[in-house]
Structure formats: C-alpha cells, structure tokens
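Each chain is listed here by its residues.
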Amino acid sequence: MHLVLAAGLLEPASGLIVWKAAAFSILLFVLYKFAWGPITEALKEREETIDNSIRRAEKALQEAKQIQAENDKARREAEREAQRILREARESAEELKEKEKAQMREEMQRMQEQARAEIEREKQGALQELRDEVADLAVQAASKIMRDDLDGQRQRKLVSDFIEDLPQN
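Residues numbered from 1 in each chain as written. Predicted model: local features only at pLDDT ≥ 70, side-chain atom pairs only at ≥ 80, totals over all residues. Heavy atoms only, no water.

## Looking at the overall build of the protein chain
- Across its full length, the protein chain holds 3 helices and 0 strands.
- Shown N-terminal to C-terminal, the secondary structure of the protein chain runs as helices and strands in the order α-α-α.
- Counting every atom, the protein chain has about 15800 Å² of accessible surface; 60% of that belongs to carbon and sulfur. (Helix = DSSP H or I, 4+ residues; strand = E, 2+ residues; numbered from the N terminus. Areas by Shrake-Rupley, 256 points an atom, 1.4 Å probe, with all protein chains shown as cover.)

And the structure:
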C-alpha cells in the first residue's frame, strides 16, 4: 500500500496543474501591473541619473581642463613677465654701474688735474723762493766781494765759507 500511495503522489493531477497555472498567471499579472512598472521606472530614473552624473562629470572635467589650460597660460605669462622684469633690472643695474664708473673716472681726472695744478703752483712757489734765495745770496756775495778786494785764494775761501753757511734743506 505504501507503494500505491507513493505512486499517486508522483502522478500529475490535471486540476492541480490548472489551478497552479492560473495562480501563476495571476501572480505574473499582479507583478507586471504593480511591480514591473515601478521597477522599470526606477531603473530608467537610475539610468537617467547616472547619465546626468556622467555628463556633469564630463562637463566638469572639460571645465577643469580649460581652467588648467588658462592657469598654465597665466603661469607662462607671469614667468615671461618675471624674466622681462629681471632682464630690465639687470640692464638698469648695468647702466647704473657704467654711470657710476664714468662719474668716478671724471672725479678722479678732476682730482688729478687739481693735484697737478697744486703741484705746479707749489713748484712755481719753490722755484720763486729758490730764485729769491739765490738772488739774496748773490747780492750778499757781491757785497762781500765789493767790500774786500780779494785775490783768488781768498775768493775761494769766501765761497767755501758761504756755501757752508747755506741751510742744508
């Protein structure tokens, strides 16, 4: 008997199949009507959100690339400007250096000319002093000679004494 019972379980019951098919059809209809639509709508919305996010990200990437290009351009321009300013500063410094050298040369020349003029004045003064001294000496010598009528020996002694009386400077 157990075998008969077990065999009955394995045989398909046609009524049960119809009810299972009907229940499955109703389940599919209910799922289609209430679940499939919202699920597909949610998937479409999710897909649109992802598309929008991708477009915004691409747009942001393009803007970032554009900003980076503008920043690179501005940096290059700033570097060129800095190089130009440095070059001008070097040129100005060189010009100033040359002006200072020229002024220094002019000042040195002026000082040399003043020194030469001063030396010449001192030289002329010393020569004039020497002339005056020689003239005084000649007058003194002449007056001594005139006072004494001297022979050659006395004249040499007189000149020798006179030379010894001269200042050593």
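## Here's the deal with a nonpolar patch on the surface
- A contiguous nonpolar patch, built from Phe24, Leu27, Leu28 and Leu31 and spanning about 380 Å² of accessible area, is present on the exposed surface.
- Note that Leu28 resides in helix H2 (residues 14-147). (Patch = residues over 30% accessible without salt bridge, like charges linked within 9 Å, V, L, I, M, F, W, Y side chains within 5 Å. Salt bridge = Lys/Arg side-chain N within 4 Å of Asp/Glu carboxyl O.)

## A few points about the pattern of salt bridges
- Enumeration according to the criterion identifies 6 salt bridges in this entry.
- We note a salt bridge from Asp72 to Arg75, for which the minimum N-O separation is 3.9 Å. Taken together, the residues Asp72 and Arg75, both in helix H2 and 3 residues apart, mark about one turn of the helix.
- The class of Asp72 is partly exposed, set by a relative accessible area of 28%.
- Here Arg84 and Glu81 are joined by a salt bridge, their closest N and O atoms 2.2 Å apart. With Arg84 and Glu81 both in helix H2 and 3 residues apart, the pair spans about one turn of that helix. (Buried < 20%, exposed > 50% of the residue type's maximum accessible area, 1.4 Å probe, protein only.)

## Focus on a negative patch on the surface
- A contiguous patch of negative charge, built from Glu41, Glu45, Glu47, Glu48 and Asp51, is present on the exposed surface.
- For Asp51, the location among the structural elements is in helix H2. (Lys, Arg positive; Asp, Glu negative; His and termini not counted. Charge placed at Lys NZ, Arg CZ, Asp CG, Glu CD.)

## What about the confidence of the model for the protein chain?
- Across the protein chain, pLDDT averages 84, with 85% of residues at or above 70.
- The lowest-confidence element of the protein chain is helix H1 (residues 2-10), averaging 54 in pLDDT; the highest-confidence one is H2, averaging 89. (pLDDT = per-residue confidence, 0-100.)

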